[in-house]
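# Structural characterization, general
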Amino acid sequence: MVNHGLLLDLVERLAATPVGSTVELDVSASAAGGAAASDASSATSATAASRAEEAAANIDLIARWCRASGNELAEVRAESVVVRHGRRRDPLALLDPSQLPGTRLWMYTNFDCNLRCDYCCVSSSPQTDRRALGVDRVARLADEAADAGVQELILTGGEPFLLPDIDEVVASCTTRLPTTLLTNGMLFRGGRLERLRRMDRDRLTLQISLDSATPELHDAHRGPRAWERAVGGIRLALDEGFDVKVAATLPADQAHEVAPFTQFLGGLGIRPENRVIRAIAHEGAADSGVELTVDSLIPEVTVTAEGVWWHPVAATDESHFVRAEIFPLADAIADVRERFIRHREAADRAAEWFPCS
Amino acid sequence: MSDTAEPLIIGSVAYTPNVVTIWEGMRDYFATTDTPIDFVLFSNYGRLVDALIAGTIDVAWNTNLAYVRTVAQTDGRCRALASRDTDVVFSTVFVSRAGAGFDGIEAVRGRRLALGSRDSAQAAILPVQFLREAGIAAGDVELLRINSDVGKHGDTGRSELDALRAVLDDRADAAAIGLNTWEAIARGDIMAGALGAFWTSPEYSHCTFTAMPSLSDERAEAWLANLMAMDWERPEHRAILELEGLRRWVPPKLDGYRGLFEAVAAQGVSDRW
């Protein structure tokens, strides 16, 4: 027997609930409110099956009322429902448009690297398996990206210049969309320099890693003479006519390095908007750093040879793995967005539920 | 739009947390006009009317009973400015158990009728007046009065929901509630298996913005022009209008308060609460 008194409880509680917030309502056969709950003895003698039937009928009643009244049945639990006052806030609409998942597509071209940085978020090193995405998959991703709403492609590794076909990989991207290529800038010699020179200067930005204005800090994390070679790479790329961004990974206790570093970059000719400073994430080889979880991190859709990941900073962390199917890319982006919405809604509910005292 | 104009101060009763959202939205809207506003929230209509008469606020967002009382306390010097479209077609609904066989207001004779808060025009004061007009004397019906949230004139709806609970729990045979509460619950035929409306009153007027003569006609008219310009078709306006329960602002319908004036006089409802 359906319990219409539940609707009275719900309407009263929603009236005292801010729009956008939720209430949880007991819909079990023994729920308070209305005539159906007034006979406790009959409720206790009801069979489990009839109790389940009554709870289902109550849920149906609440669902029909929500549909008719413009409120949202946010969640159905075993013996209760969660109802939101009004329509849910769209977590995607609350983001800055540039943060919308899928605005950028990150691709890990490979995982092997000529360096073994002690804070590398994906544990790259000369001994790491290549796990290359391959030019065919990169080209197909780039093909699908524009239609899927992607506005920028970002290629990273590992060290992409270890790949013998990095110029083809980059060309498959720059012919479709503006592209950024992350590199340590240390390998611009011989055949690799020729590959760099074949890249489209109008459509490609090179993002070169450099951590400090002097060699000490940079080399302490990345290895001897790494700073000198990276700075050489920056100068060469600028001389070749490329747009160059510089990205520093800075431990929290090195904030005093920022001022001399930005001054140094200005001296190199790096524009202010092309200077990026990142925190160390506790991922990969890093034994400390910022803790990043899928429910606390706005996703940046990332593709590796293994599949789709939540964010490039955690592309070897199983808890950030989204799906093995890369194609169609639009489905992968939709999957990430849907998961983001679920995480945000769960966080909102937890915030509403968490008592202050 | 106006950086220098002195804001008009609007008073309202905080009967739900959403009142803050509504008035912040209204303040944002009027900030784009030449008649900016600010707002003050009160815990009950007695305090709101006191503040209007004392000049602490320029305009009060009054229930029908608060308007009637303002008229009574100011010898009619106050002025109704505007109402919601839903306010000028308000009514009271008598509800019984589905299948109870009630077919009109006469059916409550000799039965138990649940009423809402004693200061609720729609769920207490006017229902008694409707019974009186139908020739049903005080002794002809057993009234179950549910006085919850007195001071808010039934705005919370709590007493009306309690009146419906009384019907479902067989503590009353019928309940008198406002049309807005009935529509909020019934939503078509959702309550068809449990409750049904068997009588609806003639339409009367509900809330209205009320001002004292100290608010000049010029300021009032300029503000009203901007109020009436709120447009349901504009999403930024609609969000506020939906929360406040209207599609458009309209001039007040003063005829619609006549029944409440008579009821207040007949029942000896005091000028203050």
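Residues numbered from 1 in each chain as written. Chains lettered and ligands numbered in written order. Predicted model: local features only at pLDDT ≥ 70, side-chain atom pairs only at ≥ 80, totals over all residues. Heavy atoms only, no water.

Under an unreviewed UniProt entry, the name given to chain B is Phosphate ABC transporter substrate-binding protein, and the organism recorded is Agromyces bauzanensis.

The name that an unreviewed UniProt entry assigns to chain A is Molybdopterin biosynthesis protein MoeX, with the source organism given as Agromyces bauzanensis.

### Some details on the packing of helix α4 (residues 121-133) of chain B against helix α9 (residues 258-267) of chain B
Residues and elements named next belong to chain B. The test is simple: Axis geometry follows a simple rule: fit a line to the C-alpha atoms, using only the stretch in contact for helices, then measure angles between N-to-C directions, giving values from 0 to 180 degrees. Going along the chain from the N terminus, every DSSP run of H or I of four or more residues is numbered as a helix, and every run of E of two or more is numbered as a strand. Note on angle classes: values under 35 degrees are labelled roughly parallel, values over 145 roughly antiparallel, values of 65 to 115 roughly perpendicular, and the remainder oblique. Whether two residues are in contact is decided by their heavy atoms, any of which lying within 4.5 Å being enough. Residues were grouped as follows: Ala, Val, Leu, Ile, Met, Phe, Trp, Tyr, Cys and Pro as nonpolar; Asp, Glu, Lys and Arg as charged; and all remaining residues, including Gly, as polar.
Remark: α4 packs on α9, axes separated minimally by 10 Å, with the N-to-C direction vectors making an angle of 80°. It follows that α4 is roughly perpendicular to α9 by the angle criterion. Across the interface between the two elements, Ala121, Ile125, Leu126, Val128, Gln129, Arg132 and Glu133 from α4 touch Gly259, Leu260, Glu262, Ala263, Ala266 and Gln267 from α9. A per-class count over the contact of α4 with α9 returns 7 nonpolar, 3 polar and 3 charged.

### Topic: the interface of chain A and chain B
Spelled out, the test is: Buried area is a sum: the accessible area each of two parts loses on coming together, probed at 1.4 Å, counted once for each and added. Salt bridge, as used here: a side-chain nitrogen of Lys or Arg that lies within 4 Å of a carboxyl oxygen of Asp or Glu. We call two N or O atoms a polar contact when they sit within 3.5 Å, provided that within protein one can donate a hydrogen and the other can accept it, with sequence-adjacent residues counted only if both atoms are side-chain atoms.
Listed by partner, the interface residues are 21 residues for chain A and 21 residues for chain B. For the pair chain A and chain B, the summed buried area comes to about 1700 Å², and 62% of that belongs to carbon and sulfur atoms. Its largest share of buried area at the contact with chain B, chain A owes to His4(A), Leu8(A) and Glu12(A), together 35% of the area lost on that side. Taken together, the connections running from chain A to chain B amount to 3 salt bridges. Here chain A is connected to chain B by 8 residue pairs in polar contact (both at pLDDT 80 or more).

### Topic: unusual backbone geometry
What you tend to see is this: most non-glycine residues have negative phi, and most peptide bonds are trans. Residues and elements named next belong to chain A. Spelled out, the test is: When accessible area is computed with a 1.4 Å probe and restricted to protein chains, residues below 20% of their type maximum are described as buried, those above 50% as exposed, and intermediate ones as partly exposed.
Residues Phe327 and Pro328 are joined by a peptide bond in cis, for which omega reads -10°. In this structure, Pro328 sits in the loop between β12 (321-323) and α10 (329-353). The residue Ser123 is not glycine, and still its phi comes out positive at about 55°. When you line up the elements, Ser123 lands in the loop between β4 (104-108) and α4 (135-147). Overall, Ser123 belongs to the partly exposed group, its relative accessible area being 35%. Even without a glycine there, the phi angle at Arg225 is positive, about 65°. Of note, Arg225 is situated in the loop between α7 (215-222) and α8 (226-239).

### Details of the domain arrangement of chain B
It is common to give the size of an interface as the accessible area lost on bringing the parts into contact. All names here are of chain B. Selection criterion: Domain start and end points were adopted from an automatic or database domain assignment.
Assigned domains of chain B: these are domain 1 (8-87 + 205-267) and domain 2 (91-200). Summarising the inter-unit geometry, the C-alpha centres of domain 1 and domain 2 are found 27 Å apart. For the pair domain 1 and domain 2, the summed buried surface comes to about 1300 Å²; carbon and sulfur atoms form 59% of the total. The tally of links from domain 1 across to domain 2 stands at 0 salt bridges. Viewed at the interface, domain 2 and domain 1 are joined by 7 residue pairs in polar contact (both at pLDDT 80 or more). If you tally residues by element for the side of domain 1 that touches domain 2, the top one is α9, at 6 residues. Taken together, the residues that form the side of domain 1 that touches domain 2 break down as 9 nonpolar, 7 polar and 2 charged.

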